[in-house]
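Residue strings, one per chain:
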Amino acid sequence: RQRTDRNAQFEFVGQLTRPDLLAAMQRARLLIFPSRYPDPGPLTILEAFACGTPVVACDMQSMDAYVTEGENGFRFRAGDADDLAKKIQELVARPDVLQRSRRAARASYENDYTAAHNYDQLMTIYSNALNRKPI
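The notes below deal with the structure included here.

How each quantity is defined
- Residues numbered from 1 in each chain as written.
- Predicted model: local features only at pLDDT ≥ 70, side-chain atom pairs only at ≥ 80, totals over all residues.
- Heavy atoms only, no water.
- Salt bridge = Lys/Arg side-chain N within 4 Å of Asp/Glu carboxyl O.
- Helix = DSSP H or I, 4+ residues; strand = E, 2+ residues; numbered from the N terminus.
- Buried < 20%, exposed > 50% of the residue type's maximum accessible area, 1.4 Å probe, protein only.
- Pairing = 2+ DSSP bridges.
- Axes fitted to C-alpha atoms, helices over the stretch in contact; angles between N-to-C directions.

Comments concerning the pattern of salt bridges
For step 1, the next point in the chain: Inspection of every chain in the model, using the stated rule, returns eight salt bridges.
For step 2, the next point in the chain: The partner of Glu69 in a salt bridge is Lys87, and the shortest N-O contact between them spans 3.1 Å. Residue Glu69 is located in the loop between β4 (55-58) and β5 (73-76), and its partner Lys87 is located in helix α3 (residues 81-92); the two are separated by 18 residues in the primary sequence.
For step 3, the next point in the chain: The class for Glu69 is partly exposed, based on a relative accessible area of 41%.
For step 4, the next point in the chain: Exposure remark for Lys87: the relative accessible area of 14% places this residue in the buried category.
For step 5, the next point in the chain: Salt-bridge contacts for Asp80 lead to Arg77; the nearest nitrogen and oxygen are separated by 3.0 Å.
For step 6, the next point in the chain: Given the relative accessible area of 22%, Asp80 is considered partly exposed.
For step 7, the next point in the chain: You can call Arg77 partly exposed: its relative accessible area is 46%.

Overview of the sheet that holds strand β3 (residues 31-33)
For step 1, the next point in the chain: The sheet built from three strands is open, its strands ordered β3-β4-β5 with parallel pairing. This sheet does not close on itself; its edge strands, each paired only once, are β3 and β5. In this sheet, adjacent strand axes meet at a mean angle of 20 degrees when their direction is disregarded.
For step 2, the next point in the chain: Inspection of the sheet shows β4 paired to β5 by four bridges, in the parallel sense. Counterpart to Val55 in the pairing with β5 is Gly73.

Here's what the structure looks like:
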């Protein structure tokens, strides 16, 4: 069931199928990732990047490996709703910045997170492990 407030900039869509979820991410201006808990591999952020959607994430150290401020996304102070609201307002007012960030988000995915890239990394790990001399 879909609820929409005509004056709101947000839309609650409920649970979606994977294809509908990815389509919604592609249409979104931003993905807000407010989690304050360390996540070593946030799939949601990688899916957003694959869709070319920049991410607004909290400024936790665990997000450093994924979200680069002003490039593929933006950061706000963890737990600070006012800072998050301010960041979103600034970004929505700057479509040029959002457009650049969309391209950078997609480039992040293509450069670092595709299946081929992950396969190459895994093969390197295996090769290094096989070639390592016993202690």
